[in-house]
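Per-entry structural report
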Amino acid sequence: MISTHALGKQYGNRAVVEGLDLHVPRGCVYGFLGPNGSGKSTTMKMLLSLVRPTTGEIRVMGRPVQRSTRRELLAHIGSLIESPPAYGHLTGRENMRLVRRLLNLTDDQITRAVRTVRLHDQLDKRVRDYSLGMKQRLGIAMALAREPRLLILDEPTNGLDPAGIDEIRRLLTQLAENGTTVMVSSHLLGEIDRTAGVLGILGNGRLLFQGTREQLFARSTPDVLIDTPEPHRAATLTADRHPARVDGASVRLSGLDDQATATVVARLARADVDIYGVRRQTQSLEDVFMALTGEGGL
Ligand SMILES: Nc1ncnc2c1ncn2[C@@H]1O[C@H](COP(=O)(O)OP(=O)(O)OP(=O)(O)O)[C@@H](O)[C@H]1O
Ligand SMILES: [Mg+2]
């Protein structure tokens, strides 16, 4: 649905997005993740022609986005960037009426969009009296009304409570099941990782990972913990081959496969180090994300 090649944006002489090769498959939820300031919004704005790229190319539905195709391609994209776009002093219904006129849509299209986000019985309230979750859903309804093939949502779960987040997640899953491609950003892995079929992880404007949750998980290497009364001596004995850290009454070694573990244990045994236990500790997906984006990035 979207592919970019070497997409980049510079402000002054600072590159805020660099060398992005994004591949967003059709009909999936694509989770676009990265810490604050990593360039998610800038990238999404470039995809929507709201910010002009400094370098690279963008293709949407297989066609290059350029002056002659932009208008037609954008007509297939619904978006919600940063804060919800509705007027607070108007009701939900009045806001949706504006969208209908602006985009020349039918009443049916408006009704469907509002039902999809389950706001149909809240339409006569003023938007300023909506909860944050309701405002986000109205924003999504506004983006959905034109029945886009691609939906680009920038942090739609930001500031929502767990129930609100869950509601958005279910909505996105349902949209993708019905054939809409959804690209959704978040700075929190946990908010979208299970919903997204494909994840793109950004750090400092660069794509650090792109693939499925399982592929991301496959990158995690379990730590091996060796419990011993002499952790410092044990760490010194392994340090020439494997970086080791003393962790309480254990030595923690990263990235060891079964064979390397056996070799290390045999070596310690030959040096008469008492070994009380050998354990593996798997990383959580959150750990992998943090290791990838650095300092947790959150
Ligand atoms: N118009 C601009 N002029 C100069 N710098 C900008 C501009 N817009 C964004 N930046 C910078 O680009 C970097 C990336 O910003 P961006 O908003 O894309 O990040 P983000 O990943 O969306 O962050 P967040 O999670 O906080 O929304 C930031 O360092 C930001 O300060
Ligand atoms: Mg942003």
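Given the structure is predicted, the values throughout are model-derived calculations rather than measurements.

Helices and strands together make up the secondary structure of the chain, namely eleven helices and 15 strands. Taking 19 Å as the expected radius of gyration for a compact globule of 298 residues, we find that the chain reaches 24 Å, considerably beyond that expectation. Taken along its principal axes, the extent of the C-alpha atoms in the chain is 80 × 40 × 35 Å. When the 298 residues of the chain are sorted by exposure, 46% land in the buried category. The long-range fraction of contacts in the chain, counting pairs at least 24 apart against all pairs at least 6 apart in sequence, stands at 68%. Element-wise, carbon and sulfur atoms account for 47% of the exposed surface of the chain, whose accessible area totals about 15100 Å².

Now for the UniProt feature "domain: ABC transporter" (unreviewed entry) in the chain. In the numbering used here, UniProt assigns the feature "domain: ABC transporter" (unreviewed entry) to residues 2-229. Between the C-alpha atoms that bound residues 2-229 the distance is 56 Å, and the span itself is 32% helix and 28% strand.

To continue, consider the sheet that holds strand β14 (residues 250-254). Pairing is antiparallel in the open sheet, where four strands are placed in the order β13-β14-β12-β15. Across the chains shown, the open sheet's two edge strands, defined by having one partner strand only, are β13 (244-247) and β15 (277-281). Taking the axes of each pair of neighbouring strands and ignoring which way they run, one obtains an average angle of 25 degrees across the sheet. The sheet contact formed by strand β12 (residues 223-227) and β15 spans five bridges and is antiparallel. The partner of V224 across the bridge, within β15, is R280.

When cut into domains, the chain gives domain 1 (2-218) and domain 2 (223-282). If you average the C-alpha positions of domain 1 and of domain 2, the two centres end up 47 Å apart.

Strand order across the open sheet formed by six strands is β7-β8-β9-β4-β10-β11, with mixed pairing between neighbours. Two strands lie at the open edges of the sheet, namely β7 (77-80) and β11 (206-211), each paired on one side alone. Averaged over neighbouring strand pairs, the angle between their axes works out to 15 degrees when direction is ignored. As paired elements, strand β8 (residues 150-153) and strand β9 (residues 181-186) share four bridges and run parallel to each other. Residue pairing across strands places L151 opposite V182, the latter belonging to β9. Across the sheet, helix α1 (residues 40-47) is in contact with β4 (29-33), β8, β9 and β10 (198-203); its angle to β9 comes to roughly 150 degrees.

A few words now on the packing of helix α3 (residues 92-103) against helix α5 (residues 132-144). Across the interface, α3 lies against α5 with an axial gap of 10 Å and an inter-helix angle of 25 degrees. When the axis of α3 is compared with that of α5, the two are roughly parallel. In the crossing of α3 with α5, the sense of the turn from one axis to the other is right-handed. Residues G92, N95, M96 and V99 of α3 pack against L138, A141 and M142 of α5.

In this model, helix α6 (residues 162-177) (16 residues) spans 22 Å end to end at C-alpha, consistent with the 22 Å of a helix rising 1.5 Å per residue. All of the buried residues along α6 are G164, I165, E167, I168, L171, L172, L175 and A176. Down the axis of α6, the sector holding all buried residues measures 165 degrees, keeping them to one side. Within α6, the exposed residues directed more than 90 degrees away from the buried face are P162, A163, R170 and E177.

Two elements, β13 and β14, share four bridges in a ladder whose sense is antiparallel. Bridge assignment links A244 to a residue of β14, and that residue is L253. In this antiparallel pair of consecutive strands, β13 and β14, the connection spans two residues, and G248 shows a positive phi of 65 degrees.

What follows deals with the pattern of salt bridges. In total, this model carries 17 salt bridges according to the counting rule given. Of the charged contacts in the structure, one is a salt bridge between K40 and E155, with a shortest N-O distance of 3.8 Å. Linking K40 in helix α1 with E155 in the loop between β8 and α6, this pair joins segments that are 115 residues apart in sequence. The salt bridge involving D166 is made with R170; its shortest N-O contact spans 3.4 Å. Within this pair, D166 and its partner R170 are both found in helix α6, separated by four residues, close to a single helical turn. Via salt bridges that share partners, R118, R137 and E167 belong to a single interconnected network.

The rules behind the values
- Residues numbered from 1 in each chain as written.
- Chains lettered and ligands numbered in written order.
- Predicted model: local features only at pLDDT ≥ 70, side-chain atom pairs only at ≥ 80, totals over all residues.
- Heavy atoms only, no water.
- Helix = DSSP H or I, 4+ residues; strand = E, 2+ residues; numbered from the N terminus.
- Rg over C-alpha atoms; globule rule 2.2 N^0.38 Å.
- Buried < 20%, exposed > 50% of the residue type's maximum accessible area, 1.4 Å probe, protein only.
- Contact = heavy atoms within 4.5 Å.
- Areas by Shrake-Rupley, 256 points an atom, 1.4 Å probe, with all protein chains shown as cover.
- UniProt positions renumbered as here; feature names shortened; annotations may be inferred.
- Pairing = 2+ DSSP bridges.
- Axes fitted to C-alpha atoms, helices over the stretch in contact; angles between N-to-C directions.
- Domains from an automatic or database assignment.
- Parallel < 35°, antiparallel > 145°, perpendicular 65-115°, else oblique.
- Left-handed = near helix turned anticlockwise from the far one by under 90°.
- Expected span 1.5 Å × (residues − 1).
- Arc of directions from axis to C-beta.
- Salt bridge = Lys/Arg side-chain N within 4 Å of Asp/Glu carboxyl O.

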